[in-house]
Amino acid sequence: ANDRVTSDIAKIGLFNFNPNMSNAQAYGMAYKAAENSRSDLSDTTNLINRIMMSGVYGQKAGSLGSATRMAETLNKAMVIGGGTSEENKRALVQLSQGLSSGVLQGDELRSIREQSPYLAQVLAQGLAQVDDKFIGTTVGDLKELGSQGELTSDVVIKAFEAMQDQVDATFSDKAPRTWAQGIQSISNTIKVMTGYLQYMEGGPLEKISELVWIIADYLKSQDGIKLLSGIATALSIVGTVLTWVVRAALTGISWIMDHSYVLIAILIVLASMAIVAGIQMAAAWIAATWPILLVIAAI
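Criteria and cut-off values
Residues numbered from 1 in each chain as written. Predicted model: local features only at pLDDT ≥ 70, side-chain atom pairs only at ≥ 80, totals over all residues. Heavy atoms only, no water. Core = buried A, V, L, I, M, F, W, Y, C linked by side-chain atoms within 4.5 Å. Buried < 20%, exposed > 50% of the residue type's maximum accessible area, 1.4 Å probe, protein only. Contact = heavy atoms within 4.5 Å. 1 Å grid on protein atoms, 1.4 Å probe; cavity = no way out; pocket = protein on both sides within 12 Å on 5 of 7 lines; lining within 4 Å. Points joined across faces, edges and corners; volume = space filled by probe spheres on them. Helix = DSSP H or I, 4+ residues; strand = E, 2+ residues; numbered from the N terminus. Nonpolar A, V, L, I, M, F, W, Y, C, P; charged D, E, K, R; others polar. Salt bridge = Lys/Arg side-chain N within 4 Å of Asp/Glu carboxyl O. Axes fitted to C-alpha atoms, helices over the stretch in contact; angles between N-to-C directions. Parallel < 35°, antiparallel > 145°, perpendicular 65-115°, else oblique. Left-handed = near helix turned anticlockwise from the far one by under 90°.

Caption draft 1: Summary view of the nonpolar core. Membership of the largest hydrophobic core comes to 48 residues, with the highest contact counts inside it found for Ile51, Leu74, Leu95, Leu127 and Phe160. Apart from the residues lying within four places of it in its own chain, the contact partners of Leu95 are Leu74, Leu104, Ile112, Leu119, Val156 and Phe160.

Caption draft 2: Just the layout of surface pockets, in detail. In this structure, the largest pocket occupies an estimated 490 Å³ of space. Among the secondary structure elements, those contributing two or more residues to the lining of the largest pocket are helix H3 (41-54), helix H4 (63-81), helix H5 (85-101) and helix H11 (179-199). When the residues that make up the lining of the largest pocket are grouped by side-chain class, the tally is six nonpolar, 11 polar and five charged. When its volume is computed, the second largest pocket comes out at roughly 150 Å³.

Caption draft 3: Just the pattern of salt bridges, in detail. On inspection of all chains with the given rule, the structure shows 12 salt bridges. Of the charged contacts in the structure, one is a salt bridge between Lys11 and Asp8, with a shortest N-O distance of 3.7 Å. Pair noted here: Lys11 and Asp8 are both in helix H1 (residues 2-13), with a separation of three residues, about one helical turn. The shortest N-O distance in the salt bridge between Lys191 and Asp40 comes to 3.4 Å. Linking Lys191 in helix H11 with Asp40 in the loop between helix H2 (23-36) and H3, this pair joins segments that are 151 residues apart in sequence.

Caption draft 4: Structural context of the packing of H4 against helix H9 (residues 153-162). Where H4 meets H9, the closest approach of the two axes is 10 Å, and the angle between their N-to-C directions is 70°. Relative to H9, the element H4 lies roughly perpendicular. With respect to the hand of their crossing, H4 and H9 are arranged in left-handed fashion. Listed contacts from H9 to Met70, Thr73 and Leu74 of H4 are Ile157, Phe160 and Glu161. Residues of the contact of H4 with H9, tallied by class, amount to four nonpolar, one polar and one charged.

Caption draft 5: Seen up close, the environment of Gln94. Positionally, Gln94 belongs in helix H5. Note: C-alpha distance between Gln94 and Asp40 (54 residues apart in sequence) is 18 Å. Contacts of Gln94, omitting those with residues within four sequence positions, involve Leu104, Asp107, Glu108 and Ser111.

Caption draft 6: Just the environment of Ala71, in detail. Among the structural elements, Ala71 can be located in helix H4. The buried category is assigned to Ala71, whose relative accessible area is 0%. Residues in contact with Ala71, not counting those within four places in the same chain, are Thr44, Leu47, Ile48 and Ile51.

Caption draft 7: Spotlight on the packing of H1 against H3. Axis separation between H1 and H3 bottoms out at 10 Å; the angle between their running directions is 20°. By the angle between their directions, the pair H1 and H3 is classed as roughly parallel. At the point where H1 passes H3, the crossing takes the left-handed sense. Contact residues: H1 offers Arg4, Asp8, Lys11 and Ile12, while H3 offers Ser42, Thr45, Asn46, Ile48 and Asn49.

Right under this line is the structure:
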């Protein structure tokens, strides 16, 4: 879990162009977006990265904040649409690929329309607010607009931005809080706490990570190689001794199996001795107690 969080923080840090904001703080923004949209934190981080990689927000100080807000909006649209987790992921991947290419069209657009109809509806409604020429646009018109090259990355992003308030309102009114979303929220919080324990000053997880690397570096040094060689030699000796013991035991078992009559004779002698001893003990007991037994019998 710690490695996953460390990787997510590093990835989002690649697009942190704000000198006054640490990568851990950027991760905190992603956490807030994931919580607001009741989505997986790692998936939200990946979505923010894809949006930033598309280049639609450039490399300004506030670019990451804008991409994070957009990721929250897209996540909310997916939750409202009610698609499966895999369908939503595929639709978002196709959308990010379309944005990266500069124009949303072809397979990317078809995938969005089929796997997330509500997101396609939001896009169609948003286009009408971006430019008057898109007034009256329906989901069915998106294919034609895409083939004409009208759905550029800038236009698509502006369309979604124009619908952010409406998506927020619809999400608040019509997206019920579910059991799975609650479990997801707990998981997100644990991830953030893990990141805090890793990146806080004197963080315990950072110390553990450093300790692991100290051990790894030592084992690669000459002293470490000598240590491993000594352990290998010791294990070799132990293995040899164990081999002797096992072979001796197996030899003894084989001898007993081959000379089972000796074992049977020994057992018969022992049994006979036990019977004789038992008879002797019974006779001795009767000899010692027969007067008492006689009185008891007479009474």
